[in-house]
Amino acid sequence: MKLLLRLSLALTLSLPLPQAQAKPVCPPQAALPSAAQAAELAAAAPDRGFLYRLRKGGHDSYLYGTLHIGRMAWFFPGPKLREAMKQSDSLALELDLSDPATLQALSAPPQHAQPFHASPALQKRLAAQARAACLPEQALAHLHPLLQLSNYMALDARWDGMDPSFGQELMLSTWARQSGVPIHALESVDTQLQALLPTDAKEAQTQLRKGLQQLEQGQLRKSTRRLAQAWANSDMATLSNYADWCDCVGDAQDRAELRALNDERNPGLAEGIAALHKQGRRVLAAVGSLHLSGPRALPLLLQQEHGFEVQQLHPSYHQPASSPSH
């Protein structure tokens, strides 16, 4: 099932800050680093994730594989990513979640889907997740129930010291706005919602039930930790085998949902990057790292279908030495 991938909408809301309570105990809240902490973390930050140079038409763009949640230390870019930021004049994201109009569109009822209201039993379980996240029960009530679930999934990672506030997209969009770099969306809200939300209300109910079960049993937290560590270690082998270890792909329907969220969106993302580059822009395109894996991986599409020369910058790629001749 596509549950972990729904973290791409973890920043769709400006959530009210949870109030500390005696019961239930609240997960740790993200706190801004002090000036001294920030300077120390920035100076020591290694490169994380996955970075590629895209060369075509006499100029370069960059492709960066991100994680939508993170730790405070991960918020600071490493030297190769900093250089890519310095060389870029445009930032491309799946969606610009710093744009109020985007947030408003994400909060509106999806046009492609049947109206879906969680049953009283499922609504009660959603309310329990709100309490576990130390949010008012109605804080996310204006969202589709599956988008409510997405936010609770992202917030659940706070128990392991990770938070949507430290996601790479937020870091990059903050940099872009402070630097006057324009931000471009590679997808429309409708395109992403069609991948995230099923048309059929019964299917939405099944997905909601599965997702709540993952949260309630602690299954999601284990998979999120492994996914995050693979990203932090720039471990593409583990990332590429995500479906084998996430405990979220149990049947043909789950596999179809995963393809819809990942492989089937990649051609559109590649076209968006290629179109911006063709305009003469030096683009830093940042997308969820799972889009860089699999048989329809973005680097492959950009190379094979759009004619880019693609060079992996991080982790550094070393051509295996040829065997000595005898």
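Residues numbered from 1 in each chain as written. Predicted model: local features only at pLDDT ≥ 70, side-chain atom pairs only at ≥ 80, totals over all residues. Heavy atoms only, no water.

Undergrad: Before we move on, can you summarise the overall build of the chain with the specific residues and values?
TA: The secondary structure content of the chain amounts to 14 helices and six strands. For the chain, the computed accessible surface area is about 15,200 Å², with 52% contributed by carbon and sulfur atoms. (Helix = DSSP H or I, 4+ residues; strand = E, 2+ residues; numbered from the N terminus. Areas by Shrake-Rupley, 256 points an atom, 1.4 Å probe, with all protein chains shown as cover.)

Undergrad: Lay out the sheet that holds strand β4 (residues 183-185) in plain terms, naming residues and giving numbers.
TA: If you trace the six strands from one edge of the open sheet to the other, you get β4-β3-β5-β2-β1-β6, paired in mixed fashion. Because the sheet does not close on itself, it has two edges, and the strands there are β4 and β6 (309-314). This sheet shows a mean twist of 25° between the axes of neighbouring strands, independent of strand direction. Here strand β1 (residues 50-56) runs beside β6; their pairing, made up of five bridges, is antiparallel. Considered in β6, the bridge of Y52 is made with Q312. With respect to the sheet, helix α6 (residues 168-179) is in contact with β2 (59-66), β3 (90-93), β4 and β5 (283-288), its orientation differing from that of β3 by roughly 150°. (Pairing = 2+ DSSP bridges. Axes fitted to C-alpha atoms, helices over the stretch in contact; angles between N-to-C directions. Contact = heavy atoms within 4.5 Å.)

Undergrad: Account for the state of the cysteines, with residues named and values stated.
TA: Counted under the stated rule, the structure contains two disulfides. Across a sulfur-sulfur distance of 2.0 Å, C26 and C134 are joined as a disulfide pair. Classification of the bridge connecting C26 and C134 rests on its S-S torsion, roughly -110°, and on that basis the disulfide is left-handed. Highlighted residues: C26 in the segment before α1 (35-44) and C134 in the loop between α4 (120-132) and α5 (145-156), separated in sequence by 108 residues. Residue C134 is classed as buried on the basis of its relative accessible area of 3%. The partner cysteine of C246 in its disulfide is C248, sulfur to sulfur 2.1 Å. Judged by the sign of its S-S torsion, about -90°, the bond between C246 and C248 is left-handed. Exposure remark for C248: the relative accessible area of 4% places this residue in the buried category. Cysteine pairing for the chain (bonded cysteines numbered in sequence order): 1-2, 3-4. (Disulfide = S-S within 2.5 Å. Buried < 20%, exposed > 50% of the residue type's maximum accessible area, 1.4 Å probe, protein only.)

Undergrad: An account of the pairing of β3 is requested, with residue identities and associated values reported.
TA: Burial along β3 is two-sided: the face carrying S90 and A92 and the face carrying L91 and L93 are both buried. Here four bridges tie β3 to β5, and the two strands are oriented parallel to one another. Pairing of S90 across the sheet is with V283, part of β5.

Undergrad: Explain the side chain of T66 to me, and be specific about the residues and the numbers.
TA: Mapped onto the elements of the fold, T66 is located in strand β2. Judged by relative accessible area, which is 2%, T66 ranks as buried. A distance of 2.4 Å separates polar atoms of two side chains, one belonging to T66 and the other to E169. (Polar contact = N/O pair within 3.5 Å; in protein donor to acceptor, adjacent residues only side chain to side chain.)

Undergrad: Summarise the confidence of the model for the chain; cite the residues concerned and give the values.
TA: Per-residue pLDDT for the chain has a mean of 88; in total, 90% of the residues score no lower than 70. Note on residues 1-23: pLDDT under 50 across the span, and 82 contacts to partners over four residues away in sequence or across chains. Scored below 50 in pLDDT, residues 318-326 shows zero contacts in the model against residues more than four places distant or in partner chains. (pLDDT = per-residue confidence, 0-100.)

Undergrad: Give me the lowdown on the pattern of salt bridges, citing residues and values where you can.
TA: Scanning the entire structure with this criterion turns up 13 salt bridges. Residues participating in the shared-partner salt-bridge network are R53, R55 and D60. (Salt bridge = Lys/Arg side-chain N within 4 Å of Asp/Glu carboxyl O.)

Undergrad: An account of the side chain of D60 is needed here, citing residue identities and associated values.
TA: Mapped onto the elements, D60 comes out in strand β2. D60 sits in the buried class, given a relative accessible area of 17%. A polar side-chain atom of D60 sits 2.7 Å from a polar atom in the side chain of R55. Ignoring any residue separated from it by four or fewer positions in sequence, one finds D60 in contact with R53, L54, R55, H277, R282 and V283.

Undergrad: Break down the nonpolar core for me, citing the residues and quoting the values.
TA: L63, L91, L172 and L284 are the most contacted members of the largest nonpolar core, which totals 54 residues. Of all hydrophobic cores here, the second largest spans 32 residues; its members include A118, Y152, L197 and A201. (Core = buried A, V, L, I, M, F, W, Y, C linked by side-chain atoms within 4.5 Å.)

Undergrad: Residues and numbers for the environment of E169, please.
TA: Among the structural elements, E169 can be located in helix α6. Taking the C-alpha atoms as reference points, E169 and L95, separated by 74 residues in sequence, lie 9.4 Å from one another. Setting aside residues no more than four positions away along its own chain, E169 makes contact with T66, L67, H68, L93, V287 and G288.

Undergrad: Give me the lowdown on the packing of α4 against α5, citing residues and values where you can.
TA: At a closest axis distance of 10 Å, the pairing of α4 and α5 adopts a crossing angle of 30°. On the basis of the axis angle, α4 is roughly parallel to α5. Where α4 crosses over α5, the handedness of that crossing is left-handed. Judged by residue contacts, L126, Q129 and A130 of α4 engage P145, Q148, L149 and Y152 from α5. (Parallel < 35°, antiparallel > 145°, perpendicular 65-115°, else oblique. Left-handed = near helix turned anticlockwise from the far one by under 90°.)

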